[in-house]
Amino acid sequence: EAAVTQSPRNKVAVTGGKVTLSCNQTNNHNNMYWYRQDTGHGLRLIHYSYGAGSTEKGDIPDGYKASRPSQENFSLILELATPSQTSVYFCASGAGTGGQAPLFGEGTRLSVL
Amino acid sequence: GEKVEQHESTLSVREGDSAVINCTYTDTASSYFPWYKQEAGKSLHFVIDIRSNVDRKQSQRLIVLLDKKAKRFSLHITATQPEDSAIYFCAASIRPDTNAYKVIFGKGTHLHVLP
């Protein structure tokens, strides 16, 4: 069964610390995405990837890095976490043709104190 | 940059009535438009989509309309039920270069189905 798995599901971090959010998909999808969801802003695209080794900036990439070491894994890295990065983060994967709805993970709730 | 605007932030309807959520997009090259439902505290789940080669698609009580000239698409939920209460997101697939597709979302519509 198609699945996108995020870890951790919940994370509390300190300001200035490094945070890594991980995402794994078993769907053999080329495209993977990281979004954040905030009240009043909906879902905003942070970074995306079209295959192993590629990362592309989305609409709000500042303060975030991404890594796609393999087809299955896509990480979001906050090198110096700030309270403004407190949010719910969603990873998704989708087919390479762009004509298929991305499948979402369950989300990671991140609090930066 | 490219945008998807979702016009209704909140929508309340009586059970059994229809609900309509409207979205517009800016990228004329967009060709695929999925819709998602998010229940409280949960992730997003795909509900229906439409491709640019058609202007209408129906799946049970859900109907999606696409007007390419106006760059507008809409979700119609007929005979609403309490379990339809959720946040609905529209989205558009954009191809910024030959290798990549990205999917951008509207801000969401919180649908309340009242008894």
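Asker: Is there a simple way to think about the pairing of strand β5 (residues 42-49) of chain A in this case?
Answerer: Every regular strand shows the same layout, with side chains that alternate between the two sheet faces. Residues and elements named next belong to chain A. Most of β5 is tucked away, with seven of its eight residues classed as buried. With seven bridges joining them, strand β4 (residues 31-38) and β5 adopt antiparallel strand pairing. Opposite Trp34, over in β5, you have His47 as the bridge partner. Adjacent in sequence and paired antiparallel, β5 and strand β6 (residues 56-57) are bridged by six residues, among which Gly53 carries a positive phi angle near 90 degrees.

Asker: Can you help me understand the sheet that holds strand β3 (residues 19-25) of chain A in this one?
Answerer: Adjacent strands of a sheet pair through backbone hydrogen bonds, lying either parallel or antiparallel. Residue and element names in this part refer to chain A. Across the sheet, which stays open at both edges, the four strands sit in the order β1-β3-β8-β7 with antiparallel pairing between neighbours. Lying at the two open borders of the sheet, with one neighbouring strand each, are β1 (4-7) and β7 (65-67). The average angle at which neighbouring strand axes cross in this sheet is 20 degrees, direction not considered. Two elements, β3 and strand β8 (residues 75-78), share three bridges in a ladder whose sense is antiparallel. Across the sheet, the residue bridging to Thr20 is Ile77, located in β8.

Asker: What am I meant to see in the pairing of strand β10 (residues 102-105) of chain B here?
Answerer: Residues and elements named next belong to chain B. Burial along β10 is two-sided: the face carrying Lys102 and Ile104 and the face carrying Val103 and Phe105 are both buried. As judged from the four bridges shared by strand β9 (residues 86-94) and β10, these two strands associate in the antiparallel manner. When the bridges of β10 are listed, Ala92 appears paired with Ile104.

Asker: When you look at the pattern of salt bridges in this model, what are you seeing that I'm missing?
Answerer: For side chains of opposite charge, pairing can occur when their charged atoms come near one another. Residues and elements named next belong to chain B. Scanning the model with the defined rule gives 11 salt bridges over all chains in all. Between Lys102 and Glu2 there is a salt bridge, with the nearest N and O atoms lying 3.4 Å from each other. On the criterion of sequence distance, the pair formed by Lys102 in strand β10 and Glu2 in the segment before β1 (4-6) is long-range, its members being 100 residues apart.

Asker: Can you help me understand the sheet that holds strand β8 (residues 72-77) of chain B in this one?
Answerer: All names here are of chain B. Pairing in this open sheet of five strands is antiparallel, and the strands run β1-β3-β8-β7-β6 from one edge to the other. A strand with exactly one partner marks an edge of an open sheet, and here the two such strands are β1 and β6 (56-59). Neighbour-to-neighbour, the strand axes of the sheet open up by a mean angle of 15 degrees, direction not taken into account. One ladder, built from three bridges, connects β1 with strand β3 (residues 19-25); its direction is antiparallel. Among the inter-strand pairings, Val4 is bridged to a residue of β3, identified as Tyr25.

Asker: Which parts of the structure should I look at to understand the interface of chain B and chain A?
Answerer: Many authors give the size of an interface as the accessible area that is lost as the parts come together. Facing the 21 residues of chain B at the interface are 23 residues of chain A. Buried surface at the junction of chain B and chain A, both sides included, amounts to about 1900 Å², of which 54% is carbon and sulfur. For the pair chain B and chain A, the number of links is six residue pairs in polar contact (both at pLDDT 80 or more). Counting residues per element, the ones that place at least two in the side of chain B that touches chain A are β4 (32-38), β5 (44-51), β9 and β10 of chain B. Among the residues forming the side of chain B that touches chain A, the class breakdown is 12 nonpolar, five polar and four charged.

Asker: Hey, could you run me through the packing of aromatic side chains in this one?
Answerer: Applying the stated criterion to the full structure yields 15 aromatic pairs over all chains. Between A:Phe90 and A:Phe104 the ring centres are 6.2 Å apart and the planes differ by 75 degrees, which places this aromatic pair in the edge-to-face class. On the criterion of sequence distance, the pair formed by A:Phe90 in strand β9 (residues 87-94) and A:Phe104 in strand β10 (residues 103-104) is long-range, its members being 14 residues apart. Both residues of the pair, A:Phe90 and A:Phe104, belong to the buried class. Relative to B:Tyr36, the ring of A:Phe104 lies with its centre 5.3 Å away and its plane at 80 degrees, an arrangement referred to as edge-to-face. Taken together, the positions of A:Phe104 in strand β10 and B:Tyr36 in strand β4 put the pair across two chains. Of the two residues, A:Phe104 and B:Tyr36, both sit in the buried class. The structure contains a cluster of three or more aromatic residues connected by ring pairs, namely A:Tyr33, A:Tyr35, A:Tyr48, A:Phe90, A:Phe104, B:Tyr36, B:Phe46, B:Phe89 and B:Phe105.

What counts, and where the lines are drawn
Residues numbered from 1 in each chain as written. Chains lettered and ligands numbered in written order. Predicted model: local features only at pLDDT ≥ 70, side-chain atom pairs only at ≥ 80, totals over all residues. Heavy atoms only, no water. Buried < 20%, exposed > 50% of the residue type's maximum accessible area, 1.4 Å probe, protein only. Helix = DSSP H or I, 4+ residues; strand = E, 2+ residues; numbered from the N terminus. Pairing = 2+ DSSP bridges. Axes fitted to C-alpha atoms, helices over the stretch in contact; angles between N-to-C directions. Salt bridge = Lys/Arg side-chain N within 4 Å of Asp/Glu carboxyl O. Contact = heavy atoms within 4.5 Å. Buried area = accessible area lost by both parts, 1.4 Å probe. Polar contact = N/O pair within 3.5 Å; in protein donor to acceptor, adjacent residues only side chain to side chain. Nonpolar A, V, L, I, M, F, W, Y, C, P; charged D, E, K, R; others polar. Phe/Tyr/Trp six-rings, centres within 6.5 Å; stacked < 30°, edge-to-face > 60°.

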